[in-house]
Amino acid sequence: MSEKMYVQFSNGQKMPILGLGTWQAQNREEMENALNAAFDAGYRHFDTAYMYQNETVIGDIINTWLTTGKITREELFITTKLPPIGMDPSRVEHFLLKSLTALKLDYVDLYLIHQAIGLKYTNDENILPVVGGKLDLELNTDHVKIWKAMESQVKAGRTKAIGISNFNSTQIERIVNSAEILPANLQVEGHVYLQQKELREICRKHGITFTAYAPLGSPNRKQIYNTNRPIVFPELLKIPVVQAIAKKHGKSPSQILLKFLVQNDLVVIPKSTNAARLRENSNIFDFTLNGDEMKELESLDQGNSGRTFTPASYPGAELHPECPY
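The following paragraphs examine the structure supplied in this document. Values in this document were obtained by computation on a predicted structure and should not be read as measured data.

1. Observations concerning the overall build of the chain
Thought 1: Across its full length, the chain carries 10 helices and 14 strands.
Thought 2: Computed over its C-alpha atoms, the radius of gyration of the chain comes to 19 Å, within 12% of the 20 Å expected for a compact globule of 325 residues.
Thought 3: Once the C-alpha set of the chain is aligned to its principal axes, its extents read approximately 55 × 45 × 40 Å.
Thought 4: Buried residues in the chain amount to 56% of all 325 residues.
Thought 5: When contacts within the chain are restricted to residue pairs at least 6 apart in sequence, long-range pairs at least 24 apart make up 75% of them.
Thought 6: Accessible surface computed for the chain: about 14,000 Å², of which carbon and sulfur atoms make up 48%.
Thought 7: On the chain, the mean spot of the 35 positive side-chain charges and the mean spot of the 36 negative ones are 2 Å from each other.

2. Quick word on unusual backbone geometry
Thought 1: Located in the positive-phi region is Gln-53, a residue other than glycine, with phi close to 60°.
Thought 2: With respect to the helices and strands, Gln-53 occurs in the loop between strand S4 (45-47) and helix H2 (55-67).
Thought 3: For Gln-53, a relative accessible area of 51% corresponds to the exposed category.

3. Examining helix H5 (residues 169-178)
Thought 1: For H5, the complete set of buried residues consists of Ser-169, Gln-171, Ile-172, Glu-173, Ile-175 and Val-176.
Thought 2: Its buried side turned inward, H5 meets helix H4 (143-155), strand S11 (162-165), strand S12 (185-189) and helix H6 (197-206).

4. Remarks on the packing of aromatic side chains
Thought 1: Within the structure shown, the criterion is met by seven aromatic pairs.
Thought 2: Consider the rings of Phe-39 and Phe-46, whose centres lie 4.8 Å apart with planes at 50°: the pair is tilted.
Thought 3: A centroid spacing of 5.1 Å and a plane angle of 85° characterise the contact between Tyr-213 and Phe-309, whose relative ring orientation is edge-to-face. Of this pair, Tyr-213 sits in strand S13 (residues 209-213) while Phe-309 sits in the segment after helix H10 (291-298), and the two are 96 residues apart along the sequence.
Thought 4: Ring pairs connect the aromatic residues Trp-23, Tyr-213 and Phe-309, which therefore count as one cluster.
Thought 5: Positioned above the aromatic ring of Trp-65, the side-chain terminus of Lys-70 is 4.7 Å from the ring centre.

5. A few points about the pairing of strand S6 (residues 110-113)
On a regular strand, each side chain points to the face opposite its neighbour's, so the side chains alternate between the two faces of the sheet.
Thought 1: Neither face of S6 is left uncovered, since the one carrying Leu-110 and Leu-112 and the one carrying Tyr-111 and Ile-113 both have all their residues buried.
Thought 2: Remark: the strand S5 (residues 77-82)/helix H3 (residues 92-103)/S6 crossover connection has right-handed handedness.
Thought 3: Two strands pair when backbone bridges link them, and S6 and S11 are joined in this way by three bridges, in the parallel orientation. When the sheet's bridge partners are listed, Ile-113 is paired in S11 with Ile-164.

6. Focus on the packing of helix H8 (residues 253-263) against H10
Thought 1: It is the contact of H8 with H10, at a shortest axis distance of 11 Å, that shows an interaxial angle of 100°. Between H8 and H10, the angle is such that the two are roughly perpendicular. Contacts from Ile-256, Phe-260 and Gln-263 of H8 reach H10 at Met-294, Leu-297 and Glu-298.
Thought 2: When the residues that make up the contact of H8 with H10 are grouped by side-chain class, the tally is four nonpolar, one polar and one charged.

7. Thoughts on the nonpolar core
Thought 1: Judged by nonpolar contacts, the single largest core of 92 residues is most densely connected at Phe-46, Leu-82, Tyr-111, Ile-113, Met-150, Ile-172 and Leu-186.
Thought 2: Setting aside chain neighbours within four positions, we find Phe-46 in contact with Leu-20, Leu-35, Ala-38, Phe-39, Leu-76, Phe-77, Ile-78 and Thr-79.

8. Notes on the pattern of salt bridges
Thought 1: Overall, the coordinates contain 19 salt bridges when judged by the stated rule.
Thought 2: Here Lys-98 and Asp-124 are joined by a salt bridge, their closest N and O atoms 3.5 Å apart. With Lys-98 in helix H3 and Asp-124 in the loop between strand S7 (118-119) and strand S8 (130-131), this residue pair connects regions lying 26 residues apart in the sequence.
Thought 3: Residue class for Lys-98 comes out partly exposed when judged on its relative accessible area of 30%.
Thought 4: Classification of Asp-124 as buried rests on a relative accessible area of 11%.
Thought 5: Residue Glu-180 pairs with Lys-155 through a salt bridge whose shortest N-O separation is 2.8 Å. Here Glu-180, found in the loop between H5 and S12, pairs with Lys-155, found in helix H4; they are 25 residues apart in sequence, far enough to count as distant. Residue Glu-180 shares its accessibility class with Lys-155, and that shared class is exposed.

Scoring rules and cut-offs
Residues numbered from 1 in each chain as written. Predicted model: local features only at pLDDT ≥ 70, side-chain atom pairs only at ≥ 80, totals over all residues. Heavy atoms only, no water. Helix = DSSP H or I, 4+ residues; strand = E, 2+ residues; numbered from the N terminus. Rg over C-alpha atoms; globule rule 2.2 N^0.38 Å. Buried < 20%, exposed > 50% of the residue type's maximum accessible area, 1.4 Å probe, protein only. Contact = heavy atoms within 4.5 Å. Areas by Shrake-Rupley, 256 points an atom, 1.4 Å probe, with all protein chains shown as cover. Lys, Arg positive; Asp, Glu negative; His and termini not counted. Charge placed at Lys NZ, Arg CZ, Asp CG, Glu CD. Phe/Tyr/Trp six-rings, centres within 6.5 Å; stacked < 30°, edge-to-face > 60°. Lys NZ or Arg CZ within 6 Å of the ring centre and 35° of its normal. Right-handed = clockwise from strand over helix to strand, strands pointing away. Pairing = 2+ DSSP bridges. Axes fitted to C-alpha atoms, helices over the stretch in contact; angles between N-to-C directions. Parallel < 35°, antiparallel > 145°, perpendicular 65-115°, else oblique. Nonpolar A, V, L, I, M, F, W, Y, C, P; charged D, E, K, R; others polar. Core = buried A, V, L, I, M, F, W, Y, C linked by side-chain atoms within 4.5 Å. Salt bridge = Lys/Arg side-chain N within 4 Å of Asp/Glu carboxyl O.

Below, the structure written as structure tokens:
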């Protein structure tokens, strides 16, 4: 098919439009099996973060595939992220170096600022500091100064590109207006209920590519969040329109949800540790949704009401002056 398999950054770098998300994946055996299955299924784009605490396992598997000659470094696209406790210009290099050591790589392809808010730094291990049941906030977060430190990492060759995650439109514009090196990518929650049309337009204006995390609604989050938190978990796979389109194409609902985003030129990073689902999620390039089907799916957009990753996920986040939502 002629459908593109990549998006291209302004520096010419290509990012596979399908990647494997690895949030919530920490069990070593599970991760090893999933990553090997992903490599076998053709995945070459892997998304991780210092906060996920799985970079060492990912690095071990990547290193095995590299040293055995099954893949080359140039075939891979690796994204990792600066943690909220690293939201200070003096700690950007420190945390990127730690990620590179864990990943056993000389450089990453994309380094993102993980969150718009900063958290108090006490040590490298306390990644989510909490005081009195709420996040321990670093209130003097300066995005412009942090971005300058991010640019230095490109110049030092530790990352090929830099970007932002969980930033709103005002914060994006602030970075763009001060940047020497523009953000290559924005990563935010994105799915049929939250289509992020305003952010996508801002990204198009500035030549920033767009990655949708939780493209299937991240249904497994129910297992890690306390049930008393006021969070609604959308059951996107059960939407009648999605199921009907899936039946028409002989595909699964998850394939339809991913295809809708990919046809809108959005990078998707569904997470799975199940080998069959990994293969299923990758099998989305042999069919096309027609115009009417795209309009039906577009009509499901709930705007900001469709957002599920909110301050309610992490009590206290809403008190930070840079809380994006």
